[in-house]
Amino acid sequence: MKFPRLEDVDVAGKTVLVRTDLNVPMQGGKVTNNNRIVRLLPTLNYLIKKKCRIVLLSHFDRPKGKFVPSMSLAPLVDALSEAMDGKEIQFGVDCIGPAASDAVAKLKPGEIVLLENLRFHAEEESGDAHFARELASLGDVFINDAFSASHRAHASITGLASFLPVAAGRLMEEELSSIYGIFSTAKKPITAIVGGSKVSTKLELLESLVGRVDNLVIGGAMANTFLLAQGHNVGKSLVEANMKATAKRVLEMAKKKNCNIVLPVDVVVGEPGLSGQGNACVSIEHIPHGMMVLDIGNATLRNIGVCLRESKTVIWNGPMGLFETRPFDVSTIMIAREISTLTAGGTIKSIAGGGDTVAALAIAGLGETFSYLSTAGGAFLEYLEGKTLPGITMLIEAKNGTGKIKVHA
Ligand code: ADP
Ligand code: MG
């Protein structure tokens with residue numbers, strides 16, 4: 001794949017806008033996993049060496065176009081500084097307007113400012129050209145280092161590239177080449193494991209994924225929607241009832257494409273709000289009305305183990321349960337262990353992706369043993385599906401230095 005890299009654009013001494021994904025797992029205002037921050041350092045260090053003024057742009061969570069204090073990027077200042085051996089990081093309380101331009105104007109060569117959550121402005125997600133132009137006015141060059149957000153045609157992903165010379169950052173480069181490298185030479189049988197909670201955004205991806213993999217394991221809250229579609233009661237579980245039809249379509253497509261679907265046959269349930277108490281492993285036929293499905297059960301784990309041991313390639317996005325709360329981390333950790341052992345033994349190649357999935361692996365101390373860890377969840381699945389991601393297209397089609405950069409009104 002051909003696209004401009006850091007070396008292909010003239011950044012020396014310039015003000016460089018770096019789109020990153022600092023949507024990291026956080027609890028009580030503290031970053032609980034800094035993988036995405038650490039992975040950004042090669043790009044930042046390159047730009048510091050080139051004496052750039054660095055402007056970091058990112059989203060956090062889904063504030064839906066409003067200022068939401070709990071979704072501020074302010075706590076990321078300390079986390080970034082810590083990852084950079086105490087380097088001072090400035091903060092701009094808005095990503096556009098005087099607050100942003102003043103913060104950028106104060107930067108000296110080699111200094112970094114982090115601007116507030118892009119999604120506090122609805123124009124970010126609608127891909128508004130005026131908003132993109134305002135962002136662009138803050139710098140001279142645009143570096144996209146947010147592979148995990150590049151499946152979205154948002155202003156800071158595709159819009160910025162219309163106004164500024166653009167290149168991929170080091171993390172973007174690594175993600176594209178590593179995932180492509182492993183998946184394009186993947187040996188069959190291929191097993192995909194999909195879980196987590198972003199059901200509506202990921203469910204549709206499964207429809208085409210079933211055409212590319214031999215086994216599809218569905219766990220996490222994602223599985224609840226499938227259980228409901230199969231006519232089971234799921235109590236008070238996190239579920240998207242309006243996605244039942246999509247779940248059914250995935251199952252039909254899997255049959256057509258000869259893809260083996262592995263769904264839970266038993267689950268661990270808990271009381272809403274009473275995490276870790278009153279939990280029990282029950283068959284999917286007997287999920288109590290007042291309870292929530294918070295992990296997959298032992299029999300299901302055994303089925304997944306069989307499937308993994310017969311595979312040559314495993315790709316994984318989305319935890320199998322509410323792993324942040326014990327004991328609902330059990331199946332996620334057990335599966336991580338199995339995949340680690342098989343990878344270390346050389347029988348499989350494994351890729352895991354997703355902010356929370358990578359955090360779960362870190363808790364289990366197992367991330368290092370996977371063949372590759374992607375920082376992306378949804379984008380990772382779409383890339384595997386063979387889809388062209390808008391943020392990648394904009395890199396490939398970049399007309400840097402040819403005078404053909406499109407400028408929208
Ligand atoms: P990733 O960040 O790896 O792409 P997601 O963001 O889609 O993954 O999902 C991760 C979240 O899903 C975690 O916070 C986890 O607690 C939650 N989760 C998984 N299974 C369940 C479940 N059965 N009920 C509620 N939440 C769940
Ligand atoms: Mg997540």
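Structure: above.
Okay, so let's go over this structure.

Thresholds applied
Residues numbered from 1 in each chain as written. Chains lettered and ligands numbered in written order. Predicted model: local features only at pLDDT ≥ 70, side-chain atom pairs only at ≥ 80, totals over all residues. Heavy atoms only, no water. Helix = DSSP H or I, 4+ residues; strand = E, 2+ residues; numbered from the N terminus. Rg over C-alpha atoms; globule rule 2.2 N^0.38 Å. Contact = heavy atoms within 4.5 Å. Areas by Shrake-Rupley, 256 points an atom, 1.4 Å probe, with all protein chains shown as cover. Lys, Arg positive; Asp, Glu negative; His and termini not counted. Charge placed at Lys NZ, Arg CZ, Asp CG, Glu CD. Buried < 20%, exposed > 50% of the residue type's maximum accessible area, 1.4 Å probe, protein only. Pairing = 2+ DSSP bridges. Patch = residues over 30% accessible without salt bridge, like charges linked within 9 Å, V, L, I, M, F, W, Y side chains within 5 Å. Salt bridge = Lys/Arg side-chain N within 4 Å of Asp/Glu carboxyl O.

Another point: the overall build of the chain. Counting secondary structure elements, the chain contains 16 helices and 17 strands. Its C-alpha radius of gyration of 22 Å places the chain within 12% of the 22 Å reference for a compact globule of 409 residues. Within the chain, contacts between residues at least 6 apart in sequence are counted, and of these 75% link residues at least 24 apart. Counting every atom, the chain has about 17,200 Å² of accessible surface; 51% of that belongs to carbon and sulfur. Charge-centre separation for the chain: the mean point of 43 positive side chains lies 5 Å from the mean point of 41 negative side chains.

With that settled, consider the pairing of strand 12 (residues 266-270). Of all 5 residues that make up strand 12, 5 are buried, and the element is covered over most of its length. Burial along strand 12 is two-sided: the residues Asp266, Val268 and Gly270 and Val267 and Val269 are all buried. Both strand 12 and strand 14 (residues 292-296) contribute to a ladder of 4 bridges, which runs antiparallel. Its bridge partner lying in strand 14, Val267 is registered against Ile296.

All right, on to the side chain of His121 then. In this structure, His121 sits in the loop between strand 6 (112-115) and helix 5 (122-126). Residue His121 is classed as buried on the basis of its relative accessible area of 17%. Setting aside residues no more than four positions away along its own chain, His121 makes contact with Gly65, Asp94, Cys95, Ile96 and Phe131.

As a further point, take a positive patch on the surface. Side chains of Arg62, Lys64, Lys66 and Lys198 sit close together on the surface and give a patch of like positive charge. Looking at the secondary structure, you find Lys66 in the loop between strand 4 (53-57) and helix 3 (76-83). Under the relative-accessibility criterion, Lys66 is labelled exposed at 53%.

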